[in-house]
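For reference, the chains in residue letters:
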Amino acid sequence: MYKFLFFLCLPIFLFSQKQKIEGTVLNAEGEKLPLVSIEIVNSKNELLKKLITNENGEFVIQDISEKSVKLIVKDLEYAQFEKNLDLEIQNQPINIVLKKEIQDIQEVVMTKQKPLVKRKIDRLEFNVENSNISSLNAWEILKKTPGVTANNDVLAIKGSQSILVTINDKKVMLTGDELKNLLESTQGDELKTVEVITNPPAKYEASGSAVLNIVMKKNKIEGYRGTLSSKYVQTQYAKGLVGISQYYKKDKLSMMGSYYFGSGTYYREGTDYVNYVESATRWISTMNRKDKNKSQNTLNFNVEYELDSLTNLSLNYSGNFNPRSFGTYHVPTLIYNNQNVVESSYITINDHNSRSINNSLSFQVERKLNKKSSLAWINYFAGNNTRKYQNVLTHLDFINQPPGENNFLTNNRNNVQLYSTQADYQWKNEKWEWESGAKYSFVKTDSQLDFSDNENGQVEYRPEKSNVFDYKEHNFALYGSLAYNPGKWNFKAGLRAEKTDLEGIVSEPYEVNTNNYWRVFPTLYAQYTTENNHQFGLSYGKRISRPSYSWLNPAKSYYNLFSYFQGDPKLKATIIHNLNLTYTWKEWNFDFYYRKEVSPSMEISYQEPSNNNLIYHYTNIEKGEAYGLSLYKSFQLKPWWSLSVSENLENNQNYFIGVDNILYKNKVWNWVSDVSTSFTLDKNSDWKIEVGHQYNSPSIQGTFRISSSSTTYLVMNKKFFSKKLEASLLLNDIFRTSGEKVSTKYANQDNYYLDYRDVQSFSVTLKFNFGNQSVKNTKNIKKADEQDRM
């Protein structure tokens, strides 16, 4: 009897086994699309079930009693897709390819694009190639990325300046002006997206409170094509840039190479005010810095080769060469007494030059082990070599002293080398994903400062004021990360362990500093998406911010006779805790966050009344705390008119020990606003215009209080001659409102400086595209035997 019932029900059992059908939703470029809505209806168009694709664009159909159903796939970015499905005979995975939705509005064909900002479980993705600012350079694009600010040309994410900048997930070994120069030489139309990662997953190294990852475009067009570029920029002085980018793709081979040459004069206005309570004097120095750089060279080369259907090889090289930047500063300083009368003065003449060479080389191998797992091995080398020379002559005219003259020379040489190797393993199925890996990196820096002055009437080398600083750091890391994506819920957790061994040797006075430590960095993520695409997220991450190598150098780098910069070889690493709550719906993005920093390191200044020195140095303050709310929303007001709003309100608190050994609290409510609107004047020629305004209310950094600033810009792009010629116009800082006042005022400290970086500009860019510029259907490469066995 039981056997009879078994055979009677066997067809039902067999049919139920076929009910589990897997599928993937992709776009025409082969990108997997997450959070796509899929409705399953019967022959009467009655809704049976509603699915949402996971982060990898995958979905599973199961527990459907109907034999024949219809799939209706909906997404705001693409045209609706419908497919009839016979569940009795369907035994293969389903691949659904969505196409762009095309609407005919007032006789103008408009193509719907990806949203500018997309929220993922562990990052916010800014789609550069769909924005009007893609004609700018990478530096300007980063400053206009939602959630990113740049005060005094220092990048910050939600108020934190401890940021790791990566390009295609590879660390950029530059900070400050060198990073700015590199990004200014990177063309915006080569960028695909910018990822703002406030709680980086375990795969990323633990350095920095956040990661800013620049994703470059990949060449998807068969054949050969290229772009000739030229750019003219007018600020106080003129600058120019010319270059060529070339691309080639055929079957398994893809190559890209670019070279850009720049030249120009750079200007910066500044005035320092220092009040000395002890002597009742006020020192005012006016320093307008003008530097010429007649040769800026940027070179990039990338080659990718598909060894077989399972193995990909890639080699990337990038270099930035600035053989000589030079200038002469004339800096007058007036010293006022308490009756506001000039009683003393001196003038500094700073004749200087510098050069820098930056190289990076990476090699990567990716291997698919089977349908679910893959292995990647990455080797990376970077080198940074700089030379800075200055000859400083000071004419002194002090009260009750005969006029005098002081002359000193400094020659500063720095060489930094970084090598890293990393192996990553990934396994995933429709619901689970596992990542693990190991990384080793080694950093070596050699810095030498030679100081000479005319203390005895002629310029002589001073060994007691010179310095040699050698630094070595070994870092070994292991990480593991597990993600679970059952459907509406997404979970991810990771753990990274890093061992750091460092040694710094200072020659004058001789000192050896060593430190060895293990640190563990957990990350946790949870995300829930409702049927109406309301998305809620929670994440936590622990990070570490290690001091920049130049910050560890204790050598005094003099700006003039009474002011210098000095690092600290005993700087401690900063531990950072980040907690984020997010909500996303219909391109509304909210992020409530809390950040705690233990012993944050930063640049501060203090004045020394005994010798009237103003000293800038890097140090650890006690702690920092911040909490705030950020908002981003893009509105499509008309088919040809859009509006983007990015707002961030933050309470920031810094605690520091003053020169009087008293604990001080510096706090502020900071509001950062970025509003832009764009118009499509003519779709056929891609004639677009964007106007934006950015405002930053007063902020703090350690002992500093920074005044409010704002900037207004206009960008216009148009294409000619069947889109082969592109022209762009940029007006930046139109009303010249980006200047800042940075002040320190507590105890006997009373100083501030006014800073304007000459960003009010007018620039014109021309680009000519040649070769094959359109995507064509390419022949499918025959699968190798290895892939057939997967």
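Since we're looking at a predicted model, the values are computed, not measured. Sequence positions are assigned chain by chain, starting from 1 and proceeding in written order. In keeping with the model being predicted, local features are shown solely for residues with a pLDDT of at least 70 and side-chain atom pairs are shown and tallied solely at 80 or more, while totals for entire chains, interfaces and linings include all residues. The side-chain quantities take in all heavy atoms of the structure and omit both hydrogens and water.

A. Molecular detail of the overall build of the protein. Secondary structure follows DSSP: runs of H or I at least 4 residues long count as helices, runs of E at least 2 residues long count as strands, and numbering of each begins at the N terminus. In terms of helices and strands, the protein carries four helices and 48 strands. A simple rule labels every residue: compare its accessible area, found with a 1.4 Å probe on the protein chains alone, to the largest value its type can have, and call it buried under 20%, exposed over 50%, or partly exposed in between. The 790 residues of the protein split such that 49% are buried. Note on contacts: a residue pair qualifies if any of its non-hydrogen atoms lie within 4.5 Å across the two residues. Taking the contacts inside the protein whose residues are at least 6 apart along the sequence as the reference set, 63% of them involve residues at least 24 apart. Only the protein chains shown count as cover for residues, with accessible areas throughout obtained via the Shrake-Rupley method and a probe of 1.4 Å. Accessible surface for the protein amounts to roughly 37900 Å². Of this, 55% is attributable to carbon and sulfur atoms. In the protein, 94 side chains carry a positive charge and 86 a negative one; their mean positions are 5 Å apart. For this count, His and the chain ends are skipped, Lys and Arg are scored as positive, and Asp and Glu as negative. Every charge is mapped onto a representative atom, which is NZ of Lys, CZ of Arg, CG of Asp or CD of Glu.

B. Here's a closer look at the pairing of strand β26 (residues 432-453). For strand β25 (residues 404-428) and β26, the ladder comprises 21 bridges, and the chain directions are antiparallel. Across the sheet, F408 pairs through a bridge with D453, a residue of β26. Connecting β25 to the antiparallel partner β26 that follows it, the hairpin turn spans three residues. Should DSSP find at least two bridges between two strands, the strands are regarded as paired. Judged from the 18 bridges that link them, β26 and strand β28 (residues 467-484) form a sheet pairing that is antiparallel. When the bridges of β28 are listed, W434 appears paired with L482. Examined bridge by bridge, β26 and strand β27 (residues 460-461) share two bridges and lie antiparallel to one another.

C. Inspection of the pattern of salt bridges at higher detail. Put simply, a salt bridge is a Lys or Arg side-chain nitrogen that is within 4 Å of an Asp or Glu carboxyl oxygen. As enumerated under the stated definition, the model contains 26 salt bridges in all. For K488, the salt bridge identified is with E531, shortest N-O distance 3.3 Å. Here the residue K488 occupies a position in the loop between β28 and β29 (489-507), and E531 occupies one in the loop between β30 (510-529) and β31 (535-545), the gap between them amounting to 43 residues. K488 sits in the partly exposed class, given a relative accessible area of 33%.

D. Fine view of the sheet that holds strand β5 (residues 68-75). With respect to topology, four strands assemble into an open sheet ordered β3-β2-β5-β6, the strand pairing being antiparallel. With one partner strand each, in any of the chains shown, β3 (47-52) and β6 (78-86) form the two edges of the open sheet. With strand direction ignored, the average angle separating the axes of adjacent strands in the sheet is 20°. For strand β2 (residues 37-41) and β3, the ladder comprises five bridges, and the chain directions are antiparallel. Across the sheet, residue S37 finds its bridge partner in β3, namely I52. For helices, the fitted axis covers only the stretch in contact; all axes are lines through C-alpha atoms, and the angles between them, taken along N-to-C directions, range from 0 to 180 degrees.

E. Representation of the side chain of T311 in the model. Mapped onto the elements of the fold, T311 is located in strand β22 (residues 311-336). For T311, a relative accessible area of 7% corresponds to the buried category. Looking at T311, its side chain comes within polar contact range of the side chain of R367, at 2.5 Å. Polar contacts here mean pairs of N or O atoms no more than 3.5 Å apart (in protein, one a potential hydrogen donor and the other a potential acceptor; neighbouring residues in sequence count only if both atoms are side-chain atoms).

F. Quick look at the packing of aromatic side chains. Two aromatic rings, drawn from Phe, Tyr or Trp (for Trp, its six-membered ring), form a pair once their centres lie within 6.5 Å of each other, and the interplanar angle then sorts them: stacked below 30 degrees, edge-to-face above 60, tilted otherwise. Inspection of the entire model under this criterion finds 34 aromatic pairs. When the centroid spacing of 6.3 Å and the interplanar angle of 25° are considered together, the rings of F469 and Y471 count as stacked. Neither F469 nor Y471 differs from the other in exposure class; each is buried. Each member of the aromatic cluster is reached from another via a ring pair, and the members are Y276, W283, Y346, F398 and F562. Throughout this description, the term charge over a ring refers to an Arg CZ or Lys NZ atom that lies within 6 Å of the ring centre and within 35 degrees of the ring normal. In this arrangement the basic side chain of R736 is found over the ring face of Y756, its NZ or CZ atom lying 4.0 Å from the centre.

G. A look at unusual backbone geometry. Backbone geometry at N533 places phi at a positive 65°, although glycine is not the residue there. Relative to the helices and strands, N533 is located in the loop between β30 and β31. Positioned with a positive phi, K586 is a non-glycine residue whose angle comes to about 50°. The class of K586 is exposed, set by a relative accessible area of 55%.

H. Local environment of the sheet that holds strand β7 (residues 94-98). The sheet built from three strands is open, its strands ordered β4-β1-β7 with mixed pairing. Looking at which strands have only one partner, the edges of the open sheet turn out to be β4 (58-61) and β7. Shown here is a sheet whose adjacent strand axes are inclined to one another by a mean of 25°, direction ignored. Sheet topology note: the strand β1 (residues 21-27)/β7 ladder contains five bridges and is parallel. Among the inter-strand pairings, N27 is bridged to a residue of β7, identified as L98.

I. Just the pairing of strand β17 (residues 210-216), in detail. Most of β17 sits out of view: seven of its seven residues are buried. With burial as the criterion, each face of β17 is covered, one bearing A210, L212, I214 and M216 and the other bearing V211, N213 and V215. By the bridge criterion, five bridges tie strand β14 (residues 163-167) to β17 in an arrangement that is parallel. Within β17, the position partnered with T166 by the bridge is N213. Examined bridge by bridge, strand β16 (residues 191-197) and β17 share six bridges and lie antiparallel to one another. Paired with E195 across the strands is N213, a residue of β17.

J. Spotlight on a positive patch on the surface. Judged by side-chain charge, K290, K292, K294 and R324 come together as a positively charged surface patch. With three residues, strand β21 (residues 281-308) is the largest single contributor of residues to the positive patch. On the secondary structure map, R324 appears in strand β22. R324 gets classed as partly exposed once you look at its relative accessible area, which sits at 44%. Excluding any residue in a salt bridge, patches collect residues exceeding 30% relative accessible area, merging like charges within 9 Å and nonpolar Val, Leu, Ile, Met, Phe, Trp and Tyr side chains within 5 Å.

K. Expanded view of the confidence of the model for the protein. pLDDT measures the predictor's confidence residue by residue and takes values from 0 up to 100. Per-residue confidence for the protein averages 85 on the pLDDT scale, and 91% of its residues sit at or above 70. Across residues 1-18 the pLDDT falls below 50, and counting only partners more than four positions away or on other chains, this stretch makes nine contacts in the model. Ignoring residues within four places in sequence, the model shows residues 102-113, a span with pLDDT below 50, making 25 contacts including any to other chains.

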